Amino acid sequence: DIKSIKKIIKPIGFHNVKSKRIKQVSNIIFKKGMPTTMSGLLQLPGVGHKTAACVYVYAFKKREIPVDIHVSIISQRLGWTKEKDPKKIWVDLKNNIPTKSWSIINELFVIHGKKICQTRKPKCEICPITNYCPSAFSF
């Protein structure tokens, strides 16, 4: 029930909205089965491109590039994209990164973004890829 879902997910924030969505999506999956394509996942209520791509990569072990804040910022800093919109960044990355590497980009960039290439204040002085980063030390 919604009350139980709210209690479980409260620490992640927006639990009132998310609990209703979780219940709604769960009912759809129970009745129709789990969609296994990106287009199918995107048809689920409240599921956007990043969430669909994460499910596709982490649950189905398929190749895709989930674009979150870390992927966006690091891709921009490395000069891999000039775009700000996640879907446009996704297009740039898919056009320039070998398909075999798509599934690891998100995980690597999240780790790197949390520890070194932080959103507000990157730690360029300890970054192992400063030689490849046109934005290094410009903060």
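All figures in this text were calculated on a predicted structure; none of them were measured in a lab.

Chemist: Teacher, can you tell me more about the overall build of the chain here?
Modeler: Within the chain, the secondary structure is distributed over seven helices and zero strands. Counting helices and strands in the order they occur from the N terminus, the chain gives α-α-α-α-α-α-α. In terms of principal-axis extent, the alpha carbons of the chain reach across some 50 × 30 × 25 Å. In the chain, once contacts between residues fewer than 6 apart in sequence are set aside, the share between residues at least 24 apart is 39%.

Chemist: Is there a simple way to think about unusual backbone geometry in this case?
Modeler: Most peptide bonds take the trans configuration, and most residues that are not glycine carry a negative phi. Of note, phenylalanine 14 is a non-glycine position whose phi angle comes to about 50°, a positive value. Examined against the element boundaries, phenylalanine 14 turns out to sit in the loop between α1 (2–9) and α2 (15–32). On the accessibility criterion, phenylalanine 14 (67% relative accessible area) is exposed.

Chemist: I keep staring at the layout of surface pockets and nothing clicks. Help me out?
Modeler: A probe matching the size of a water molecule, rolled over the atoms, marks out where space remains unfilled. Approximately 340 Å³ is the volume attributed to the largest pocket. What lines the largest pocket is a set of 16 residues, among which Arg21, Val25, Gly46, Val47 and Thr51 lie closest to the centre. Secondary structure elements with two or more residues in the lining of the largest pocket: α2 and α4 (49–59). With six residues, the top contributor of residues to the lining of the largest pocket is α2.

Chemist: Help me out: how do you make sense of empty space enclosed by the protein in this one?
Modeler: In the structure shown here, the tally under the stated rule is one cavity of 30 Å³ or more. Each pocket or cavity is described by its volume, and for the largest cavity that value is around 100 Å³. Lining the largest cavity are 16 residues; nearest its centre among them are His112, Cys117, Cys124, Cys127 and Cys133.

Here is what the cut-offs are and how they apply
Residues numbered from 1 in each chain as written. Predicted model: local features only at pLDDT ≥ 70, side-chain atom pairs only at ≥ 80, totals over all residues. Heavy atoms only, no water. Helix = DSSP H or I, 4+ residues; strand = E, 2+ residues; numbered from the N terminus. Contact = heavy atoms within 4.5 Å. Buried < 20%, exposed > 50% of the residue type's maximum accessible area, 1.4 Å probe, protein only. 1 Å grid on protein atoms, 1.4 Å probe; cavity = no way out; pocket = protein on both sides within 12 Å on 5 of 7 lines; lining within 4 Å. Points joined across faces, edges and corners; volume = space filled by probe spheres on them.

Structural measurements only, silent on function.
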